[in-house]
Amino acid sequence: MTSRLVIASSPHIHSGLTTQKIMGWVLLSLLPAGLAGACFFGARALTVVAVCVVTCVLSEALWQKAMGQPITVSDLSAAVTGVLLAYNLPPTIPLWMAGLGSVFAIILCKQFFGGLGGNIVNPALAGRAMMLISWPVAMTTWTLNGVSGATPLALIKEGVSASVDALPPLWDLVIGRVGGCIGETSAVALLLGGGLLIWKGIISWRIPVVYIAVVAVLSLLLGRTGGVFYEVLAGGLLLGAFFMATDYTTSPMTARGQIIFAAGCGLLTALIRTFGGYPEGVSYSILIMNLTVPLIDGMTKPRILGEVKK
Amino acid sequence: MKLPSFEGGVHPPDGKALTAEKAVELYQPQGGELIFPLLQHLGAPCSPAVKRGDRVLRGQKLADSDAFVSAPIFSSVSGTVKDIGPRMTIPGSLEECVVVENDGLYETGPDLLETLGLSRPAAPEEYLKVIRAAGIVGMGGACFPTHVKLAPPEGRVIRWFIVNGAECEPFLNCDNRLMLESPDILAEGLQLCLSLFPQAEGIVAIETNKPESIQTMSLELERLGDPRMRVAPQEVKYPQGAEKMLIRSVTGQEIPPGALPADVGCIIVNVRTLYQIHQALTLGTPVLDRIISVTGDVVVSPGNFCVPLGISVRELVERAGGFSEDPVKVLAGGPMMGISMRSLDVPIVKGTSGILALSERSALLPVESNCLRCGRCVEACPMRLVPSNLDHLVRLRDYTAFEQAGGMNCIECGCCTYNCPASRFLTQTCRDGKAAVTAERRKKGAPKK
Ligand code: SF4
Ligand code: SF4
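Described in the following lines is the structure provided in the data block.

About the thresholds
Residues numbered from 1 in each chain as written. Chains lettered and ligands numbered in written order. Predicted model: local features only at pLDDT ≥ 70, side-chain atom pairs only at ≥ 80, totals over all residues. Heavy atoms only, no water. Near = heavy atom within 4 Å. Nonpolar A, V, L, I, M, F, W, Y, C, P; charged D, E, K, R; others polar. Contact = heavy atoms within 4.5 Å. Buried area = accessible area lost by both parts, 1.4 Å probe. Salt bridge = Lys/Arg side-chain N within 4 Å of Asp/Glu carboxyl O. Patch = residues over 30% accessible without salt bridge, like charges linked within 9 Å, V, L, I, M, F, W, Y side chains within 5 Å. Areas by Shrake-Rupley, 256 points an atom, 1.4 Å probe, with all protein chains shown as cover. Helix = DSSP H or I, 4+ residues; strand = E, 2+ residues; numbered from the N terminus. Pairing = 2+ DSSP bridges. Axes fitted to C-alpha atoms, helices over the stretch in contact; angles between N-to-C directions.

## Concerning the site of ligand 1
Then, number 1: The immediate surroundings of ligand 1 are formed by 14 residues, with Cys371(B), Leu372(B), Cys374(B), Cys377(B) and Cys420(B) found nearest.
Then, number 2: Looking at the residues close to ligand 1, they fall on chains A and B.
Then, number 3: Split into classes, the residues belonging to the shell around ligand 1 amount to nine nonpolar, two polar and three charged.

This is the structure we're talking about:
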């Protein structure tokens, strides 16, 4: 009997929270936004999501097999990348483009850097950025109920600013009945999902709250047309703040670091929206801030207990 | 009201219900071998003071050392010295041991005070001498000789004498039961200790998940009517009972890296240690027995047992009804810091607080995966280290960077590993890193050529 005793280093119990469960919660909290997308953009939106998820998972599995590594798609992180990428694409995107973007995100941005935890930028966002550069037209064609039109932020950029009336009503932004990417338009669905993540302790409130607050305050200071609520609800801010800037691997580990990081994201987003060439700045802001993470982590090392502050 | 506490830490399920209500049962085996390792403390190992074939009495010294940082070993039974030689011990290594064949009579020899020719109870200036002679060590598991701890370096004023009854390790109840069943001894013991430190407050720190202990100890301290003594309830959070954390919670003081509790005006002893101090000073009894929680989901009748040191783990488990199914892990100590044992045929020593048998359902049998950089280990680390980074450095064998990153401050509490979703062996790599740095230092410190 005693020969079967396992010898191992302490501790001998575990919280039970695993990578797979974390990713499972993220997928679950992304569900409402996906449903809203399907509701306002039709079944096509779901097809795009399916293509991205399947391509991400398959490319990760095949890559790991080819490299002789253990296959880890059951940790669900590739699926999360797939969903996030799809949510950042217009519903009308040709499916082959969505597939290529997925391969790019998983292979170039994640596996080349050593897989989960090794990447320095958010793979979904990098995939989207690559697609935006490669296929600028397809990536910025927006439709709603079969009618094409500009997104609220694009309208502001084009200078419809003269009259706020030309913008879609605020209520449409709340529920998501506006042009935009598949998963970014419905504020209520995103808040529901984000709230779930915070409640379950999967993410902390720090990054989303600070990020959104900084954008809100700056849009007020910069005198943006739509007003504070409009700035917060329009575009990819909520999706980015709750689901992408909070990506563990590409955000700082300490509380202080997370606040600095989120404030940086907010600053860049407001600046790009106001002064940049693009109407929207969430993706690039987060990508840029991703690159500063090692620096922020280095600056915000916790003070060892008993150590005197320098 | 939120209690002052330390930062970090985790909240594992406490598993205490299995034995919390179980009164301590005295168990004295009537025969068989008892095994006494010569090293049961931090410091110099003892040399045998008996020979094979000697008849020994309960309370008779089996081994001692001339070194200051050391503690003698006593026979917990009467009988015959059967052997002196290597035997398997809890960590799985062979150690020099004295083996005594128990005659079941429990015939007791002259007590310490008598042997030392001291008054009864001992006078304060003799306390440290008696405590050294009684073989008392930190019985919470650290096993540091108590007479050394009670002799702070010159010039340190002790303002807090903390009795550690936090018992933050899940599953264990030996300290809890001791406070419930012998509060008078503990209270008087604390009073004795305070006579060594005239400027100190005597504080019994207990986690609030033991309300009965808090109440019992408070009543007892009140009964003695000494205004210097009080109970300080503590937040339930692992590792509240770790020395540095408890000092932080009770006094707000932080011990700088490499410093001693005495450097911030504290002395901290475990409740069982305090009990032994009292027994030695008033009755002349050395460390002979201890209370052990035998528990876990596969133990038939979990309980708290007061047993003679040297008894085998197997016998103790049998006393608790054996196992209902094969455990996958049997631990000496609790689930966060306990040592997993290869065999049950090893002796209980001074620092053993519990025997915990876990089934496959409850034991952590992890498969490591990639670090997500989620920060959960950082959040959990009570020493405010960055375990994921330390882990990385140890795997690179960059021990210099490990040391610079504060790795030597790790108290091996296990919080980081407990919290890590990727099941990284963080505590283990930190332990390896510390061992490597220590070995390196020793090499450097060794006489040149
Ligand atoms: S808890 Fe584990 S996965 Fe998270 S940062 Fe620490 S080592 Fe990495
Ligand atoms: S690094 Fe050491 S002190 Fe920090 S949580 Fe891990 S084991 Fe505990």
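## Observations concerning the site of ligand 2
Then, number 1: What surrounds ligand 2 is a group of 13 residues, the closest being Cys381(B), Cys410(B), Ile411(B), Cys413(B) and Cys416(B).
Then, number 2: Of the residues assigned to the shell around ligand 2, the class counts are ten nonpolar, two polar and one charged.

## A closer look at the interface of chain B and chain A
Then, number 1: At the interface, 61 residues of chain B touch 38 residues of chain A.
Then, number 2: Both faces combined, the contact of chain B with chain A buries some 4100 Å², and carbon together with sulfur accounts for 58% of it.
Then, number 3: Summed over the three residues of chain B that lose the most area to chain A, namely Leu372(B), Arg373(B) and Arg376(B), the buried surface amounts to 18% of that side.
Then, number 4: Linking chain B with chain A are two salt bridges.

## What about a nonpolar patch on the surface?
Residues and elements named next belong to chain A.
Then, number 1: Taken together, the side chains of Val217, Leu221, Leu222, Leu267, Leu271 and Phe275 define a hydrophobic patch exposed on the protein surface, amounting to about 570 Å² of accessible area.
Then, number 2: Counting only elements with at least two residues in the nonpolar patch, the list comes to helix H9 (206-221) and helix H12 (255-275).
Then, number 3: Considering every element that reaches the nonpolar patch, the biggest residue donor is H12, with three residues.
Then, number 4: As for its position among the elements, Phe275 is in helix H12.

## A look at the sheet that holds strand E16 (residues 339-340) of chain B
Residue and element names in this part refer to chain B.
Then, number 1: What the six strands build is an open sheet, ordered E1-E14-E13-E17-E15-E16; its pairing is mixed. Here the strands that pair on one side only, and so sit at the sheet edges, are strand E1 (24-26) and E16.
Then, number 2: Bridging between strand E13 (residues 289-295) and strand E14 (residues 303-308) involves six bridges; their strand directions are antiparallel. Each residue of the ladder has a partner; that of Val294, found in E14, is Gly303.
Then, number 3: Packed onto the sheet, helix H4 (residues 174-181) meets E1, E13 and E14 and runs at close to 125° relative to E13.

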